[in-house]
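Below are the chains, spelled out letter by letter.
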Amino acid sequence: MSKKLLILVVEQDHVRAQSIADGLREAGDHDIRIIAEQTALARRVAEIRPDVVLIDIANPSRDILEELALASGPAERPVAMFVDRSDEGLTRLAIEAGISAYVVDGLRADRLKPVIDAAIVRFHMLQQLRAELAATRAALEERKIVDQAKAVLMKARGIGEDEAYALLRKTAMDQGKRIGEIAQHLITAAGLLGR
Amino acid sequence: MIALRLGYIPLIDAAPLIVAHELGFAAEEGLQLHLIRLGAWAQSRDMLGAGLIDAAHMLVPMPVGQALGLGPDLLALDLVMFLSHGGQAVAVSRELERRMRADGHGFDFADARRAGLALRRAVRGPLRVGVPFMFSTQVELIHRWLSACGFTPTDLQIKTVPPPMMADALAANDIDAFCVGEPWASFAVERGIAALLLPGTAIWAAPPEKGLVLRHDDAESRPEQTGALMRALWRAGRWLDDPDHRGTAAEIISRPCYLDLPSELAERGLTGRLLISPGGQTRDVPEFLAFNAGAASFPWKSLAALFADGIARRHGLDPGPAKQAAMARFRTDLYRQHLRPAGAALPGASLRVEGGITRDRIVPAERGQMILRADGFFDGFVFDPSAPDPSTN
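Residue positions are given per chain, counted from 1 along the sequence in the order it is written. Going through the entries in the order they are written, you letter the chains from A and number the ligands from 1. The predicted nature of this model means local features are confined to residues of pLDDT at least 70 and side-chain atom pairs, given and counted, to a pLDDT of 80 or more, with totals for whole chains, interfaces and linings taken over all residues.

Digging into the interface of chain A and chain B
To keep it simple, the criterion reads: Think of it this way: build a C-beta for each residue from its backbone, and any pair within 7 Å is a contact. Elements are defined by DSSP. Helices are runs of H or I of four residues or more, strands are runs of E of two residues or more, and each kind is numbered from the N terminus. Three classes are used: nonpolar for Ala, Val, Leu, Ile, Met, Phe, Trp, Tyr, Cys and Pro, charged for Asp, Glu, Lys and Arg, and polar for all others, with Gly counted as polar.
Residue-level contacts link 22 residues of chain A with 25 residues of chain B. Mapped by element, the contributors of at least two residues to the side of chain A that touches chain B are α3 (62–69) and α4 (88–97) of chain A. The class makeup of the residues in the side of chain A that touches chain B is 7 nonpolar, 6 polar and 9 charged.

Written out as C-alpha cells, the structure is:
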C-alpha cells in the first residue's frame, strides 16, 4: 500500500479553502493541510514537504512556488515539477479551471490524476460563484452610476426622471454602447465642467 | 474589429497596453482589446500558453526561461517587441539606510559603484534581496551590480517576492533590500518602510524590462492581427515617450479598473521624479523609464543571449545551446516585417555587443540613420553574443 498523499492547499479565503479540502477528501484518503498566510510561504512549504501543492492560478504567491520548483539541488527542492510534465491535457483543464498544481518529483500519474480532477471540479464551482458575485456587484455599481447620470440630466435640462432615463437609453442605442458606459461618460464630463 | 485578450500585471510599464486601448491606437488598427489584470507572472505564462489570453505584457527574461526548458511544457512563446526599458528601483530597509547614512553615504541615487560599496560595508551576514520573479531583469541587475561590488555568491540570497508584497516582506524582516518595477518601490517609501538606493538605469543604462509575448503558432499564423497589435503598442509607446503626456498617462493607468492606486504614485516613475526616502528627498532621473525612443522596442537577439547566458549558468545548463534556443524566440524578423510600415527605424543587424554604447549614438539603419540608446553597464561590462564560451565553468 502506498502512503497517503500530503496535499497542501494555499488559500487565504477560509470558505474557499474548506470547499477545496472537502472535494479532495471525497476523491481519496489524503492528508490535507491548508495555509493562508503568504509571507512565509517558502519556509512553510519546505517544512511541510507536501506531495502536491494546490493554489489559485492568480495567487501572487505562485511566483514564490515557481522559485521553489527550480531550487538548485534535489535535497532542497520541496516542490519539484509542474503537473503538466505528466499530462498535457490535464494541465490545460487545470489552467482553465483557474488552478495551479505543483507536484513532488516521482509522484505517479495514476495517483495524481484523481487529486487534480477533484480539484478541477471544486475550482470550477468556486469560479462560477465568484463570477456570479462579480456580475451582481457590477449590476449594482451600474445602477448607481445610471442614477447619478439621471440626476445630472434632470438638473441640467430640467426634465423628469423617466425622460432622463429614456434619453440615456436612446443615446446608448444610437452609439451602440451600454447604458452604463454612456452614464459614466456623462458623469465624467459633468465633473470636468464642474457641475 | 478583431477582439484580442491581453494579460498584464499592474505596474506602470503596462502603460502601452492601457494607452493603446484608452486612446484609440488599437481601434485605429481595427483591434478591440480586452485587458485582463493578472495576479502572478506564472499566471500570465500559463494562460498564454494554454490559449486563455492572446498576448501578454511579460518580463523580458520569461520567454528565455521557457525556451531553456525551465518552465511548464506549454506551447512555445515568442517575444516580438520590447515594451519598455528601465522603471526598476533598488530599495533598502530603513535600518540599512540608517547605517549607510551614518557611514557617510549620500543616497545620490546615481552612482552604482559607490552605493554598492556602501551597502557592502553596511551589511552584516548575507544580504537578502527580493525580486519579482526568478526570470526577471531585476535578477540580472542585482547579480551584475553586487558581484562587481565585492559580494560573493554566499553573501547574497535572492528571493522571489510578488511586487505588491515587497513592502510587507521588508517590514517583516524577510528581506533586507529589493529590486522591483514601479510603482512598488515608491509604494514602500510611501509607507515609510524603505529608502530608494538606485534606479535600474544606474546599473545598466537601458535594461530591457517588459516585452510583448505571443504564442509562437499565433505569431506565425496570424500575421495581420500580430502586426496590428505591434503597431498599436508601438504608437502607444511613442505617445508615452512625450514628457508632456506622462502626467496624463499616470492618471489613466491609475484608474480603479487598472492599477487602482493614487495617480501621484504612478506619476513618480513615469516622470522620473522619485521620492527616495520617507524623509522627503526627491531625485530626478532622466530616462528612468523609456518606451520607444532610441529603438527601445527592437528585440535584439543579443539580449536574448545575454539573459540566456546568465540563467543557464545559474541553473547549471550549458550556455551555448541555451543562447541559441533563446535567440530563436526573439522575433526581430517579425519586428521588421510589421513595424517597417509604421515607420519604425530598423537597425542593420539583429545582434550586437551589449553594453557597448556609452552615450546615445547615431548609426546606419536599414534606411538612412537612426539613434541608438546608450546601454552601458556601470562597471564597463560588455557582452559579445558571438564570443565562444569559456570551456571551464
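Considerations on the environment of Pro132(B)
Residues and elements named next belong to chain B. The cut-off we apply is this: Buried residues are those with 20 or more other C-beta atoms within 10 Å of their own C-beta, exposed residues have 12 or fewer, and partly exposed residues lie in between; C-beta atoms are placed from the backbone.
One can find Pro132 in the loop between β6 (127–131) and α7 (137–147). A tally of 29 C-beta atoms within 10 Å means that Pro132 is categorised as buried. Along the primary structure Pro132 and Pro163 are separated by 31 residues, whereas in three dimensions their C-alpha atoms are 5.6 Å apart.

A short note on the domain arrangement of chain B
Residues and elements named next belong to chain B. Rule in force here: The domain limits used here are those given by an automatic or database domain assignment.
On domain assignment, one finds that chain B holds domain 1 (2–85 + 208–257 + 291–346) and domain 2 (88–206 + 276–286). A C-alpha centroid distance of 26 Å is found between domain 1 and domain 2. Only α4 (62–67), β10 (208–215) and α15 (301–314) provide two or more residues apiece to the side of domain 1 that touches domain 2. Here the residues of the side of domain 1 that touches domain 2 are counted per class, giving 12 nonpolar, 3 polar and 2 charged.

Focus: the sheet that holds β10(B)
All names here are of chain B. Cut-off, in case you're wondering: Strands qualify as paired when DSSP identifies two bridges or more between them. Here an axis means a line fitted to C-alpha atoms, over the contact stretch when the element is a helix, while the angle between two N-to-C directions is reported on a 0 to 180 degree scale.
Spatially, β2-β1-β3-β10-β4-β13 is the arrangement adopted by the 6 strands of the open sheet, whose pairing is mixed. Every interior strand has two partners, whereas the edge strands, β2 (31–37) and β13 (289–290), have only one. Of the pairings in the sheet, the one linking strand β1 (residues 2–8) to strand β3 (residues 55–59) comprises 2 bridges and is parallel in character. Looking at the pairing, Leu6 lines up with Ala55 of β3. Helix-sheet contacts for helix α12 (residues 223–240) involve β1, β2, β3, β4 (77–86) and β10, and the interaxial angle to β4 is about 5 degrees.

Description of the sheet that holds strand β9 (residues 194–199) of chain B
All names here are of chain B. The strand order β7-β6-β8-β5-β9 describes an open sheet built from 5 strands, whose pairing is mixed. The open sheet has two edge strands, β7 (156–160) and β9, and neither has a second partner. Each neighbouring strand pair of the sheet contributes to a mean axis angle of 25 degrees, computed without reference to strand direction.

Some remarks on the packing of helix α13 (residues 246–254) of chain B against helix α14 (residues 263–271) of chain B
When two helices pack together, their arrangement is given by the angle between their axes and by how far apart the axes lie. Residue and element names in this part refer to chain B. To be explicit about the condition: We call two directions roughly parallel when the angle between them is under 35 degrees, roughly antiparallel when it is over 145, roughly perpendicular when it lies between 65 and 115, and oblique otherwise. In this scheme the handedness of a crossing depends on how the near helix is turned from the far one: anticlockwise by less than a right angle means left-handed, clockwise means right-handed.
Relative orientation of the contacting elements α13 and α14 amounts to 135 degrees, with a least axis distance of 8 Å. By the criterion of interaxial angle, the relationship of α13 to α14 is oblique. In terms of crossing hand, the pair formed by α13 and α14 is right-handed. Between α13, through Arg246, Gly247, Ala249, Ala250, Glu251, Ile253 and Ser254, and α14, the contact on the second element is made entirely by Ser263, Ala266, Glu267, Leu270 and Thr271. Here the residues of the contact of α13 with α14 sort into 5 nonpolar, 4 polar and 3 charged.

A look at the environment of Val129(B)
Residues and elements named next belong to chain B. Position of Val129 relative to the elements: it lies in strand β6. A count of 24 C-beta atoms within 10 Å places Val129 in the buried class. Along the primary structure Val129 and Asp318 are separated by 189 residues, whereas in three dimensions their C-alpha atoms are 26 Å apart.

Some thoughts on the packing of helix α5 (residues 109–157) of chain A against helix α6 (residues 161–175) of chain A
Residue and element names in this part refer to chain A. Between α5 and α6, whose axes approach to 9 Å, the crossing angle comes to 110 degrees. It follows from the interaxial angle that α5 and α6 lie roughly perpendicular. Crossing handedness for the pair α5 and α6: right-handed. On α6, the residues touching Val146, Ala149, Lys150, Leu153 and Met154 of α5 are Glu161, Ala164, Tyr165, Leu167 and Leu168. Tallied by class, residues from the contact of α5 with α6 come to 8 nonpolar, no polar and 2 charged.

Quick notes on the domain arrangement of chain A
What the domain assignment lists for chain A is domain 1 (6–132) and domain 2 (136–192). Centre-to-centre separation of domain 1 of chain A and domain 2 of chain A, based on C-alpha positions: 45 Å.

Structural notes on helix α16 (residues 319–327) of chain B
All names here are of chain B. For clarity, the threshold we go by: Taking the helix axis as origin, the arc is that swept by the directions to the C-beta atoms.
Three or more residues of α16 are buried, namely Ala322, Lys323, Ala326 and Met327. One side of α16 holds all its buried residues, which, seen down the axis, span an arc of 125 degrees. Packing partners of the buried residues in α16 comprise α4 and α15.

Focus: the environment of Val382(B)
Looking at the secondary structure, you find Val382(B) in the segment after β15 (369–372). In this structure Val382(B) touches Val353(B), Glu354(B), Gly355(B) and Gly356(B), once residues within four positions along its chain are discounted.

Some remarks on the pairing of β10(B)
Residues and elements named next belong to chain B. Within β10, 8 of the 8 residues are buried, which leaves the element mostly enclosed by the surrounding structure. The pairing of β3 with β10 spans 5 bridges and is antiparallel. What sits directly across from Met58, in β10, is Gly211.

So, helix α2 (residues 41–48) of chain A
Residue and element names in this part refer to chain A. Residues Leu41, Ala42 and Val45 constitute the buried set of α2. Looking straight down α2, one finds its buried side chains confined to an arc of 100 degrees; they lie on one side. For α2, the exposed residues lying more than 90 degrees away from the buried face are Arg43 and Glu47. Next to the buried residues of α2 lie β1 (6–10), β3 (52–56) and α3.

Digging into unusual backbone geometry
Across the junction of Glu182(B) and Pro183(B), the peptide omega takes the value 15 degrees, indicating a cis bond. Within the fold, Pro183(B) resides in the loop between β8 (177–181) and α9 (184–190). If you check the backbone angles, Arg49(A) has positive phi at about 50 degrees while not being a glycine. Structurally, the position occupied by Arg49(A) is in the loop between α2 and β3. Positive phi is not limited to glycine here, since Ala295(B) has a value of about 60 degrees. Looking at the secondary structure, you find Ala295(B) in the loop between β13 and α15. For Ala295(B), a count of 19 C-beta atoms within 10 Å corresponds to the partly exposed category.

A few points about the pairing of β3(A)
Residues and elements named next belong to chain A. Buried residues dominate β3, accounting for 5 of its 5 residues. Neither face of β3 is open: one carries Val52, Leu54 and Asp56, the other Val53 and Ile55, and all of them are buried. With 4 bridges connecting them, β1 and β3 associate as parallel partners. Looking at the pairing, Ile7 lines up with Val52 of β3.

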